[in-house]
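The residues making up each chain are set out below.
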Amino acid sequence: MGIYDIIFYLFAAITIVSAAIVVNTKNIIHSAFSLLLTFFGVSGLYALLGADFLAIVQIMVYVGGILILLLFGVMLTNKITNVDIKTGVLNVIPAILGLGIFGAVLIFIVTSTNWHVEKLVIPKTTTSMLGNLLLTDYVLVFELLAILLLIALIGAASIARRDKE
Amino acid sequence: MYEFLENIVGNQIIAYFIAAALPLFLFILPYALIAVLAERKVSAHMQDRLGPMRVGFHGILQTIADILKLIQKEDIIPSAADKKLFVTAPYIIFMSSFAVFAAIPFSNFFIGSSIDVGLFYIIAISGFVVAGILMGSWASNNKYSLLGGMRSVAQIISYEIPTAIVVLTMVMLTGSLNLETITNQQTAFFWNWNIFGGAATGITKIVLIPLMLAAFIIIFISMLAEVNRTPFDIAEAESELVSGFHTEYTGMRFAMFFLAEYANMLAVSLIISALFLGGYNSPFGYLGNSLGVAWLIPIEQMFWFTFKGIILVILQMVLRWTLPRLRVDQLMTVCWKYLIPYSIAILLIVGFITVL
């Protein structure tokens, strides 16, 4: 077992354990912080697969952005202002049924698919290749996403703007 | 680096661990010891005091005595605190502020990981510091802690924007996210440093110099805000919030926050010096080259890099004891109305220059 195997199992354990905590804990803040760990574990797995840029983007977007904003919303709801958040177990039987069917289908697909395995040489750098692809082959998608983000920014600015009285 | 260690130790895994731990023990922990004392000495001399004088010659062993004291202190966890998060938060802040050092090139021989997304990694991993601050402040169950944490997060998120834009400018100019590549483009003498327009020549360089100076000042201010130093330390404003997000922490946990703060100061100084001040390059050429001693060069590079970093750290300390603290609204005004528009203007102009 080399160093990469150890690191892989470490990150896999982090991902699975923290994902289980996200689902099972009743404290919404614990759940949010465990989600952060889950994203961290997943990004570690990406890095092991040679997708270093994707791994960093994963941390950047989820840890830096979404989770912090989520926490801003969540933080004011619990403990300090003593607002009880309803956390309970509902609809146990339909959930088990749905999960069972979904899990069975997933396991069936994973085991029965004839996976296309290829000895792939992991590229040493992915960033410049990704950049070139984004601005040549996928430039339309790239620009559309930029416009979408711009619209979201304008929307945020117009919501935050104070009305003149 | 890894091959060298692997040859000595003979085991891949141990070699990796040593390579990962070496900067921490060899350099950053001793630095933190010295920096804490330096901060007190700088502040004392700026205020016409002497500072710590009792322990050792002119108080040079004061920090060690303080650490011995902190180790002995009782580790108090408030009864109403969220214990798990309260205990975890210092570790997260500590780890993430030290993880930044992995992508910083200390010399061409000594770099943790010369990854191609180095700068991007540094910006992303510092997000964990915010998460740790928020975790600690919320888990303390103290209104001052929570206010401090909220302020700190709002401040860091706002000031990440000008930082990221200036970093983007430098990436456009140098064409790389790898700090080692960026450093290697600024070799030879100090007029090749990015703050003086980089390795460009002629009219381009003359146009670039004022832009780069402005970019340097912008990134220095916003990095100062990101590490919560005065004049941007409203997150732990003593006169308003006791001491902000670490109000409830005692003993070694408090010391971890403290060490992380000093490590962060050094990290941002090193990043700025790698981006703008030529990184590990010597300003006047190497002694090792003129003597013909090849092994001296990495040591010299390490010296120059840490020298530049520590100069910037001392500048941060002097600023702390010179400037008054900004109000919250002034803080946001500085960021959103001044730094961001100017940095976007610099980004556009540098973009045009690189295209032409």
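This part covers the overall build of chain B. Tallying secondary structure elements over chain B gives 14 helices and zero strands in all. If you list the helices and strands of chain B from N to C, you get α-α-α-α-α-α-α-α-α-α-α-α-α-α. Taken against the 2.2 N^0.38 rule, which gives 21 Å for 356 residues, the C-alpha radius of gyration of chain B at 21 Å falls within 12% of a compact globule. Taken along the three principal axes of its C-alpha coordinates, chain B extends 65 × 55 × 45 Å.

The next point concerns the overall build of chain A. A tally of helices and strands in chain A yields six helices and zero strands. Put simply, chain A runs from its N terminus to its C terminus through helices and strands in the order α-α-α-α-α-α. Counting across all 165 residues of chain A, residues that qualify as buried make up 19%. Expressed as a percentage of contacts within chain A between residues at least 6 apart in sequence, the contacts between residues at least 24 apart total 55%. Surface summary for chain A: the accessible area is close to 12,500 Å², and the carbon and sulfur share equals 73%.

A few words now on the domain arrangement of chain A. Residues and elements named next belong to chain A. What the domain assignment lists for chain A is domain 1 (3-125) and domain 2 (126-165). In this complex, domain 1 contributes six residues to the contact, which on the side of domain 2 involves five residues. Roughly 430 Å² is buried in total at the junction of domain 1 and domain 2, and carbon and sulfur atoms are behind 60% of that figure. Linking domain 1 with domain 2 are zero salt bridges, by the criterion used here. At the junction of domain 1 and domain 2, the tally comes to zero residue pairs in polar contact (both at pLDDT 80 or more). Of the residues contributing to the side of domain 1 that touches domain 2, the split by class is two nonpolar, two polar and two charged.

Turning next to the packing of aromatic side chains. Residue and element names in this part refer to chain B. The tally for this structure, following the rule as stated, stands at 16 aromatic pairs over all chains. Note on F86 and Y249: the rings are 4.2 Å apart at their centroids and 0 degrees apart in plane angle, and the pair reads as stacked. Within this pair, whereas F86 is found in helix α4 (residues 83-99), its partner Y249 is found in the loop between α10 (238-241) and α11 (251-275), the two being separated by 163 residues in sequence. The two residues F86 and Y249 agree in class, both being buried. Pairing F94 with F98 gives two aromatic rings, centres 4.6 Å apart and planes at 55 degrees, and the pair type is tilted. Of the two residues, F94 and F98 are both situated in helix α4; the distance of four residues between them amounts to about one turn of the helix.

On the chain B side, the residues contacting the 26 residues of chain A number 29 residues. Note on chain A versus chain B: buried area summed over both sides is about 2,700 Å², and carbon and sulfur give 83% of it. Applying the counting rule to chain A against chain B returns zero salt bridges. Sorting the residues of the side of chain A that touches chain B by element identifies α1 (3-24), α2 (28-48) and α3 (52-75) of chain A as the ones contributing at least two each.

Among soluble globular proteins, nonpolar side chains are generally buried collectively. Residues F101, I104, L119, L275 and F276 of chain B are the most contacted members of the largest nonpolar core, which totals 106 residues. Not counting residues up to four positions away in its chain, the partners in contact with F276 of chain B are V166, M170, Q186, W193, N194, I195, M212, A215, F216 and I219 of chain B.

Okay, the environment of T111 of chain A next. Residues and elements named next belong to chain A. Residue placement: T111 occurs in helix α4 (residues 92-112). Among the residues examined, T111 registers a relative accessible area of 59% and is labelled exposed. Counting along the chain gives 75 residues from T111 to L36, while the straight-line C-alpha distance between them is 30 Å. A polar atom in the side chain of T111 sits 2.7 Å from the backbone oxygen of I107.

Time to look at helix α5 (residues 118-125) of chain B. For α5 of chain B, the tally of buried residues reaches eight of eight residues, placing the bulk of the element in the interior. G118, L119, F120, Y121, I122, I123, A124 and I125 of chain B are the residues of α5 of chain B that are buried.

Residue and element names in this part refer to chain B. Within the secondary structure, T174 is located in helix α7 (residues 143-174). Taking the relative accessible area as the measure of exposure, T174 reaches 9% and is therefore buried. Of the polar contacts made by the side chain of T174, one reaches the backbone oxygen of M170; its length is 2.7 Å. Residues in contact with T174, not counting those within four places in the same chain, are I182, Q185 and N194.

Rules behind the numbers
- Residues numbered from 1 in each chain as written.
- Chains lettered and ligands numbered in written order.
- Predicted model: local features only at pLDDT ≥ 70, side-chain atom pairs only at ≥ 80, totals over all residues.
- Heavy atoms only, no water.
- Helix = DSSP H or I, 4+ residues; strand = E, 2+ residues; numbered from the N terminus.
- Rg over C-alpha atoms; globule rule 2.2 N^0.38 Å.
- Buried < 20%, exposed > 50% of the residue type's maximum accessible area, 1.4 Å probe, protein only.
- Contact = heavy atoms within 4.5 Å.
- Areas by Shrake-Rupley, 256 points an atom, 1.4 Å probe, with all protein chains shown as cover.
- Domains from an automatic or database assignment.
- Buried area = accessible area lost by both parts, 1.4 Å probe.
- Salt bridge = Lys/Arg side-chain N within 4 Å of Asp/Glu carboxyl O.
- Polar contact = N/O pair within 3.5 Å; in protein donor to acceptor, adjacent residues only side chain to side chain.
- Nonpolar A, V, L, I, M, F, W, Y, C, P; charged D, E, K, R; others polar.
- Phe/Tyr/Trp six-rings, centres within 6.5 Å; stacked < 30°, edge-to-face > 60°.
- Core = buried A, V, L, I, M, F, W, Y, C linked by side-chain atoms within 4.5 Å.

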